[in-house]
Amino acid sequence: MSGSDSTFLAPFGDGSSVLERVLLAIIKAHTTLETEGRQQDRLDTAMAALVGPVTEYERRLEQAVRYMARERQRDICEAEMAAIPSSRTAAATSARTIAQLAEAAARKVLGCSTPAELRAIARVLSQRYRLSAQTRPIEPDPITAALEDEAVGRIMAELQEWGVPARY
């Protein structure tokens, strides 16, 4: 999902949104032998029908931004550990810059190799990372996770009242 600030489209820690989780629960409840193993395809089709198509390129960019976020968190953790006086880490480390993370993501996730392609994609990833960082908490937030779970539960209960089978 890209570009939306809707609560129902906000990504969870696992990359899914409230809307995706609810749709997947409905899809699981309506899975037959014929459709078994195609839940992700069905979810992609449902999401495209509801919010518009997401290209493979967009999906890969989002994967790269998630990679950047994970790497940034790891860098910060390592730098904090190195700053502890009793730490066994001899040299102090610092977190990589957003530009460096974007270049690493462009190489490792998107497979960019030429300098021009690398610079162009890294610029796009840096912008997307900065935009996503405004709405994404840096550390997992148990309160937000609980609210998201509650939202899914309330939607599932509402669906049940309307007779819509769903398995969560």
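Going by the structure above, here's the rest.
Residues numbered from 1 in each chain as written. Predicted model: local features only at pLDDT ≥ 70, side-chain atom pairs only at ≥ 80, totals over all residues. Heavy atoms only, no water.

Caption draft 1: Seen up close, the packing of helix H1 (residues 18–29) against helix H6 (residues 142–161). Direction vectors running N to C along H1 and H6 enclose 40°, while the axes themselves pass 10 Å from each other. Relative to H6, the element H1 lies oblique. Viewed along their axes, H1 and H6 form a crossing whose handedness is right-handed. The residues of H6 that touch H1, namely those facing Val18, Arg21, Val22, Ala25 and Ile26, are Glu148, Asp149, Ala151, Val152, Ile155, Met156 and Leu159. The residue inventory of the contact of H1 with H6, partitioned by class, reads nine nonpolar, no polar and three charged. (Axes fitted to C-alpha atoms, helices over the stretch in contact; angles between N-to-C directions. Helix = DSSP H or I, 4+ residues; strand = E, 2+ residues; numbered from the N terminus. Parallel < 35°, antiparallel > 145°, perpendicular 65-115°, else oblique. Left-handed = near helix turned anticlockwise from the far one by under 90°. Contact = heavy atoms within 4.5 Å. Nonpolar A, V, L, I, M, F, W, Y, C, P; charged D, E, K, R; others polar.)

Caption draft 2: Expanded view of H6. Taking 1.5 Å per residue as the helical rise, H6 with its 20 residues ought to reach 28 Å, and the 28 Å between its terminal C-alpha atoms agrees with that figure. Listing the buried residues of H6 in full gives Glu148, Val152, Met156 and Leu159. End-on view of H6: buried residues confined to an arc of 75°, all on one side of the axis. Facing away from the buried surface of H6 by more than 90 degrees, the exposed residues are Pro142, Ile143, Leu147, Arg154 and Glu161. If you follow the buried residues of H6, they end up packed against H1. Two residues or fewer past H6, Gly163 is found with a positive phi of approximately 80°. (Expected span 1.5 Å × (residues − 1). Buried < 20%, exposed > 50% of the residue type's maximum accessible area, 1.4 Å probe, protein only. Arc of directions from axis to C-beta.)

Caption draft 3: Structural context of the side chain of Ser126. Position of Ser126 relative to the elements: it lies in helix H5 (residues 115–135). Taking the relative accessible area as the measure of exposure, Ser126 reaches 9% and is therefore buried. Not counting the four nearest positions on each side in its chain, Ser126 is found in contact with Ile98, Ala99 and Ala102.

Caption draft 4: Highlighting the packing of helix H3 (residues 56–83) against helix H4 (residues 98–108). Viewed as axis vectors pointing N to C, H3 and H4 meet at an angle of 130°, and their least axial separation amounts to 9 Å. As the angle between them shows, H3 and H4 are arranged oblique. Handedness of the H3/H4 crossing: right-handed. Residues Ala64, Tyr67, Met68, Glu71, Arg72 and Asp75 of H3 touch H4, and the partners they reach there are Ile98, Leu101, Ala102, Ala104, Ala105 and Lys108. Its residues assigned to classes, the contact of H3 with H4 shows eight nonpolar, no polar and four charged.

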